[in-house]
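Here is what each chain is made of, one letter per residue.
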Amino acid sequence: MPYRRPHLPPTTRTASAPGRRGRRAGLCAVLLTGFVTTAFAAGAVGPAAAADTGTGDGTTPATVQSAARVTTAVLDLDHPATKPQVRGKDVPYDTASIVKVDILSALLLQAQDAGRGLTQQERTLAEAMIEHSDNDAANALWREIGLAPGLKAVNKRLGLTSTVGGTGGLWGLTRTTASDQIGLLRAVFAADGTTAATKPALTAASRTYIRTLMTRIATDQSWGVSAASDSAWALKNGWLQRSTTGLWDVNSVGQVTSGTHHYLVAVLSDGNTSMASGIKTVESAARTAVTSARAAG
């Protein structure tokens with residue numbers, strides 16, 4: 001697919017629908033009419049390999065066999081532990097678009113280092129990237145932070161040890177673990193911004209900005225860890241159909257409120273035969289993980 005320069009304004013927000021049932025019905029309608037995905041060509045200035053927009057009808061070849069796996073990690077922010085509760089093997093997965101939270105964190109930390117706030121252009125791109133999962137915006141900001149080397153430098157300061165940026169423009173093929181995603185979420189959502197391994201890196205203003213955007217996700221993208229919440233949530237999802245296998249990576253990370261506690265939740269999955277089955281797997285895993293964390297007190 002040819003390179004497309006970042007376009008403004010970003011994609012128009014999907015009209016809201018009443019309640020979660022309405023949102024899921026809208027999502028199902030999108031899936032039934034064919035969800036477009038992409039595996040973009042590599043290259044330092046080429047589009048990233050993420051699957052929020054692109055070509056293809058979103059279907060999986062009939063010969064493809066499921067090889068689904070899923071890993072979850074949960075941390076109770078009201079009773080923070082040294083390590084999150086992990087279910088499944090804590091091994092690297094493709095990030096797809098959940099890396100956009102990391103990209104924004106890098107942008108903000110670099111701006112902090114320069115003693116400035118984000119420009120209006122950067123804010124417009126950041127909001128499109130998180131709220132609508134806009135890939136053109138992510139392409140522009142990925143280059144601005146310095147591609148994978150820039151992400152690596154920031155992640156070292158955030159205490160992430162198992163996240164490796166995708167080469168060139170392929171930010172969607174960044175690899176990460178569920179535990180590392182909890183570390184990133186902790187840097188964003190913990191009251192003092194600390195992770196398990198580092199002192200605060202992001203300022204209170206930067207953390208608030210990221211959290212706010214993660215509560216304003218477009219209605220048709222509000223699935224995922226939100227299934228484990230009985231009230232408030234903030235999240236970012238990622239989905240990618242791999243051209244080599246026809247199988248789907250489907251991920252969701254964020255904070256949910258369940259009962260009186262606030263939980264950081266990361267659910268990573270791959271090998272799903274369809275996006276719909278991946279969403280079902282992710283939501284079921286999120287509910288199970290949070291229920292287990294609640295039972296553990």
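That block above? That's the structure.
Let us look at the structure shown here. (Residues numbered from 1 in each chain as written. Predicted model: local features only at pLDDT ≥ 70, side-chain atom pairs only at ≥ 80, totals over all residues. Heavy atoms only, no water.)

Description of the pattern of salt bridges
Right, so step 1: One pass over the full model with this rule turns up eight salt bridges.
Right, so step 2: Salt-bridge contacts for Asp-94 lead to Arg-242; the nearest nitrogen and oxygen are separated by 2.7 Å. One end of the pair, Asp-94, is in strand 3 (residues 93–94); the other, Arg-242, is in the loop between strand 5 (233–241) and strand 6 (248–258), and 148 residues separate them in sequence.
Right, so step 3: Of the charged contacts in the structure, one is a salt bridge between Arg-216 and Glu-131, with a shortest N-O distance of 2.7 Å. Taken as a pair, Arg-216 in the loop between helix 7 (204–214) and strand 5 and Glu-131 in helix 3 (residues 120–131) lie far apart in primary sequence, 85 residues in all.
Right, so step 4: For Glu-131, a relative accessible area of 5% puts it in the buried group.
Right, so step 5: Look at the salt bridges and you will find they share partners, linking Asp-94, Arg-175 and Arg-242 into a network. (Salt bridge = Lys/Arg side-chain N within 4 Å of Asp/Glu carboxyl O. Helix = DSSP H or I, 4+ residues; strand = E, 2+ residues; numbered from the N terminus. Buried < 20%, exposed > 50% of the residue type's maximum accessible area, 1.4 Å probe, protein only.)

A short note on helix 8 (residues 275–295)
Each α-helix winds once per 3.6 residues, and so residues spaced three or four apart point in a common direction.
Right, so step 1: Here helix 8 is 21 residues long and its end C-alpha atoms lie 30 Å apart, about the 30 Å a rise of 1.5 Å per residue gives.
Right, so step 2: All of the buried residues along helix 8 are Met-275, Gly-278, Ile-279, Val-282, Glu-283, Ala-285, Ala-286, Ala-289, Val-290 and Ala-293. Viewed along the axis of helix 8, the buried residues span an arc of 165 degrees, placing them on a single side of the element. Along helix 8, the residues that are exposed and aim more than 90 degrees away from the buried face are Lys-280, Thr-291 and Ala-295. (Expected span 1.5 Å × (residues − 1). Arc of directions from axis to C-beta.)

Some words on the packing of helix 2 (residues 99–113) against helix 4 (residues 135–144)
Right, so step 1: Two elements in contact, helix 2 and helix 4, have axes separated by 10 Å at closest approach and are oriented at 45 degrees. Considering the angle they form, helix 2 stands oblique to helix 4. The interaxial crossing formed by helix 2 with helix 4 has left-handed handedness. Of the residues in helix 4, those in contact with Lys-100, Ile-103, Leu-107 and Gln-110 of helix 2 are Asn-135, Ala-138, Leu-141, Trp-142 and Glu-144.
Right, so step 2: In terms of residue class, the contact of helix 2 with helix 4 is built from five nonpolar, two polar and two charged. (Axes fitted to C-alpha atoms, helices over the stretch in contact; angles between N-to-C directions. Parallel < 35°, antiparallel > 145°, perpendicular 65-115°, else oblique. Left-handed = near helix turned anticlockwise from the far one by under 90°. Contact = heavy atoms within 4.5 Å. Nonpolar A, V, L, I, M, F, W, Y, C, P; charged D, E, K, R; others polar.)

Some details on the packing of helix 3 against helix 7
Right, so step 1: At a minimum axis separation of 9 Å, helix 3 and helix 7 run at an interaxial angle of 45 degrees. Considering their axes alone, helix 3 and helix 7 lie oblique with respect to each other. Judged by the twist between their axes, the crossing of helix 3 over helix 7 is right-handed. Seen from helix 3, the contacting residues are Arg-123, Ala-126, Glu-127, Ile-130 and Glu-131; seen from helix 7, they are Tyr-209, Leu-213 and Met-214.
Right, so step 2: Residue composition of the contact of helix 3 with helix 7, by class: five nonpolar, no polar and three charged.

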